Structures are given as C-alpha cells and as structure tokens.
Amino acid sequence: MAGALPTAGASRRRPGHPAAGGVSREGRCDEGWRLRPRPLLWAFVLAAARWLVRPKEKSVAGQVCLITGAGSGLGRLFALEFARRRALLVLWDINTQSNEETAGMVRHIYRDLEAADAAALQAGNGEEEILPHCNLQVFTYTCDVGKRENVYLTAERVRKEVGEVSVLVNNAGVVSGHHLLECPDELIERTMMVNCHAHFWTTKAFLPTMLEINHGHIVTVASSLGLFSTAGVEDYCASKFGVVGFHESLSHELKAAEKDGIKTTLVCPYLVDTGMFRGCRIRKEIEPFLPPLKPDYCVKQAMKAILTDQPMICTPRLMYIVTFMKSILPFEAVVCMYRFLGADKCMYPFIAQRKQATNNNEAKNGI
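Scope of this entry: the structure provided in the associated data block. (Residues numbered from 1 in each chain as written. Predicted model: local features only at pLDDT ≥ 70, side-chain atom pairs only at ≥ 80, totals over all residues. Heavy atoms only, no water.)

**Some words on the pattern of salt bridges**
- Tallied over the entire structure, the rule returns 13 salt bridges.
- A salt bridge links Glu149 to Arg148; the nearest nitrogen and oxygen atoms lie 3.4 Å apart.
- Judged by relative accessible area, which is 48%, Glu149 ranks as partly exposed.
- Among the ionic pairs, Glu161 bridges to Arg157, the shortest N-O distance being 3.4 Å. Residue Glu161 and its partner Arg157 are located together in helix 5 (residues 148-161), separated by 4 residues, close to a single helical turn. (Salt bridge = Lys/Arg side-chain N within 4 Å of Asp/Glu carboxyl O. Buried < 20%, exposed > 50% of the residue type's maximum accessible area, 1.4 Å probe, protein only. Helix = DSSP H or I, 4+ residues; strand = E, 2+ residues; numbered from the N terminus.)

**Observations regarding the pairing of strand 5 (residues 216-221)**
- The buried fraction of strand 5 is high, at 6 of 6 residues.
- Burial of strand 5 is two-sided: the residues Gly216, Ile218 and Thr220 facing one way and the residues His217, Val219 and Val221 facing the other way are all buried.
- Both strand 4 (residues 167-170) and strand 5 contribute to a ladder of 4 bridges, which runs parallel. Within strand 5, the residue paired with Val167 across the bridge is His217. (Pairing = 2+ DSSP bridges.)

**Quick word on the pairing of strand 7 (residues 312-315)**
- Note: strand 6 (residues 262-269) against strand 7, 4 bridges, orientation parallel. Along strand 7, the bridge assignment pairs Leu266 with Met312.

**Examining the side chain of Asp144**
- Examined against the element boundaries, Asp144 turns out to sit in the loop between strand 3 (138-142) and helix 5.
- Here the side chain of Asp144 touches Arg190 through a polar contact of 2.9 Å, side chain to side chain.
- Ignoring sequence-local partners within four residues, the contact set of Asp144 consists of Ile94, Asn150, Val151 and Arg190. (Polar contact = N/O pair within 3.5 Å; in protein donor to acceptor, adjacent residues only side chain to side chain. Contact = heavy atoms within 4.5 Å.)

**Quick word on the nonpolar core**
- Of all hydrophobic cores here, the largest spans 66 residues; its most connected members are Ile67, Phe78, Phe82, Leu89, Val169 and Met347.
- Sequence-distant contacts of Met347, defined by excluding residues within four places in its chain, comprise Leu225, Thr230, Ala231, Val233, Phe277 and Cys280. (Core = buried A, V, L, I, M, F, W, Y, C linked by side-chain atoms within 4.5 Å.)

**Some points on the packing of aromatic side chains**
- Considering all chains together, one arrives at 7 aromatic pairs under this definition.
- Centroid distance Phe200 to Phe246: 4.4 Å. Interplanar angle 40°. Geometry classified as tilted. Separated by 46 residues along the polypeptide, Phe200 in helix 6 (residues 185-213) and Phe246 in helix 7 (residues 234-256) bring together distant segments of the chain.
- Residue classification places Phe200 among the partly exposed positions, given a relative accessible area of 34%.
- With 6.5 Å between their ring centres and 75° between their planes, Phe228 and Tyr338 make a pair best called edge-to-face. Of this pair, Phe228 sits in the loop between strand 5 and helix 7 while Tyr338 sits in helix 10 (residues 331-341), and the two are 110 residues apart along the sequence. (Phe/Tyr/Trp six-rings, centres within 6.5 Å; stacked < 30°, edge-to-face > 60°.)

Structure below.
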C-alpha cells in the first residue's frame with residue numbers, strides 16, 4: 001500500500017477544526033468538541049444492545065475469502081465454515097499436502113450445496129436466489145507468510161487468477177516452545193515473522209483495493225497471550241502483543257479515514273485444543289472451570305463475531321475479566337492472581353515436552 005490511508009473529509013475542514021490543527025480562543029477545539037459525549041454515549045448504547053439482541057449475520061456468498069494457515073487447526077475450520085456460507089475460498093499454507101486436504105474438504109461441502117440447490121429447484125422451491133455451483137471454487141497456494149517477497153508474489157497471483165480479496169483471515173501462526181535463553185535466534189525471528197510481520201505484508205497486499213471500493217473485512221486471529229502474558233514463551237507473547245497492536249492501530253486508521261465499509265475483527269481465544277500447546281497445564285483445581293477450548297467451538301464463536309461485524313471476540317468471556325483486572329491491578333497483584341490460577345508457569349510442561357521430543361528426534365537421527 002503506497003502512502004498512508006486517505007485522509008477523510010479534507011475538503012470539508014474549516015479553520016479551527018481539530019483535524020486542521022486549529023483550536024478555539026479558549027484553547028480547545030471548536031464546537032465539535034462539545035458534541036463528542038453524544039456519540040460516546042451512543043457507542044455504549046450500541047454495545048449494550050449487541051448483548052441483548054444478536055445482530056443479523058451478513059452474507060459472504062460469492063465473495064473471495066483468503067485464509068492463511070489453512071492447512072490445519074483453526075485455519076482449516078475457518079475454511080469449512082466460510083465454504084458452508086458459499087464464499088469463494090483462497091487457501092494459503094506452507095504445507096502443500098495439508099492445504100490440498102483442506103481444499104478437498106471444501107470441495108465436498110460445495111458438492112453438497114450443489115446437490116441441495118438442485119433438489120430445491122426440482123421441488124419448486126427456487127424462489128430464493130441460489131448461487132450457481134460454478135462460482136463455488138477453492139484455490140490453493142503454497143506460501144510462506146513469514147517471507148515478505150513470497151507473500152507479495154503469491155498475492156499478485158491471487159489477483160490475476162482469482163480476483164480481489166474481500167475477506168482476509170490472517171490465521172497462520174507458529175510457536176518455538178523454548179525458554180528465552182535456550183531459544184535459537186532463528187526461531188525467535190521466525191515466530192515474529194509468521195505471527196506478526198506477516199499481517200503487515202498480507203494487509204498491504206490486499207487493503208488498497210478494499211480502500212478503493214470501501215468494502216472488505218480483515219480478521220486477525222491473535223491469542224489471549226496477546227492481551228496478557230505468561231512465563232516461558234516470550235517470543236510468542238511478543239508476537240501476539242505486536243499483532244494486537246497492529247490490528248488496533250489499523251482499525252483506528254480506517255475509522256479516521258471514514259472507511260466504514262471495511263470491517264475489522266480481532267479474535268483472541270484462550271488455549272485451543274489443537275495440539276499447538278500440548279502439555280500446557282493450569283492449576284488442577286481450576287482446570288475443570290477453564291478447560292482448553294474445542295477448536296470447533298472457538299471457530300464458531302469467531303464466525304459469529306465476523307459475520308456480525310463485531311470488532312473483537314474473546315473466548316471464553318472470562319478472558320475479558322482477566323484482561324480488565326490486569327489493566328487495573330498492581331503488577332504484584334497480577335502475579336498473585338497468576339499464581340493462584342497456575343498460569344504463571346502453565347507453559348513449563350509444554351516446553352518440557354517439546355524439549356524431550358526434540359532430543360528424541362536428534363537421538364533417532366544420530367545428531
């Protein structure tokens with residue numbers, strides 16, 4: 001994306017307007033300053049209303065949806081959910097085989113949709129518009145999102161072969177599984193590149209067209225460890241904190257540019273049972289109340305947020321409380337809370353398992 005986002009309302013600014021750098025004689029912004037409490041209160045009203053009345057889900061049928069890290073885990077489940085909603089899928093993953101496996105599952109869903117459409121037409125229930133099956137396609141690309149040049153080249157292929165992306169789901173992620181002083185520099189760099197920097201490259205690749213037409217949706221799959229941290233996974237926490245900051249800043253910039261047709265959703269799940277953090281344990285007395293999330297549940301909750309243009313979703317909702325408490329409590333009180341939950345060293349069993357697995361592989365290979 002060349003340059004900054006277009007500045008909104010430049011032609012309508014007048015001397016003294018805050019965006020024009022002017023202030024009133026009292027040293028404050030002009031009359032617009034006095035109107036700010038009204039939209040502020042309205043924002044609270046709208047937020048409360050969303051809790052009481054679930055907004056209607058928007059349609060993504062026929063829209064190009066690109067998902068990174070689609071070969072497994074949450075990325076695969078996101079692909080299946082978007083396929084069920086008749087989106088045209090573009091799947092990126094560094095693993096070609098697993099990416100093709102996901103594509104095969106998507107094609108199976110498309111065939112079922114085609115059969116259901118044919119049955120509905122034959123039964124004379126074709127009053128509703130039915131998307132032709134020929135528009136339901138899935139495209140796969142082998143792409144290392146941690147490499148900037150690879151992202152830009154693959155993005156150009158997507159534009160030529162598929163079209164412009166309407167929904168961008170930045171999901172790809174890695175974890176090194178080492179304590180800081182035992183973690184090779186190359187793995188730290190890899191974690192930062194895939195978990196954080198890749199979001200910059202994919203967004204720069206597809207945002208310009210979204211800005212031109214004022215339409216699109218950018219989804220950032222982060223983690224609860226991007227809101228509060230724990231010991232032993234410094235590189236992972238730093239990468240997730242970084243991408244949360246990137247997402248929030250981007251959202252503010254889109255609002256400042258009055259590009260309200262481009263939506264953003266930040267997804268921050270608690271520990272998801274995908275095997276990525278196998279062995280992670282909190283205090284055993286607390287585990288029954290805060291078990292690892294089932295991947296299907298996590299993705300379904302995220303899809304509800306995406307399709308209703310919800311800016312942020314934390315699962316489970318308890319994560320909102322933990323984040324709030326971290327913001328208002330003194331650091332030593334936060335440490336006490338972590339220790340009570342067993343969250344201060346929850347990653348240590350996971351790291352120990354990774355280390356043992358690495359040693360076993362080295363011994364097996366004679367390294």
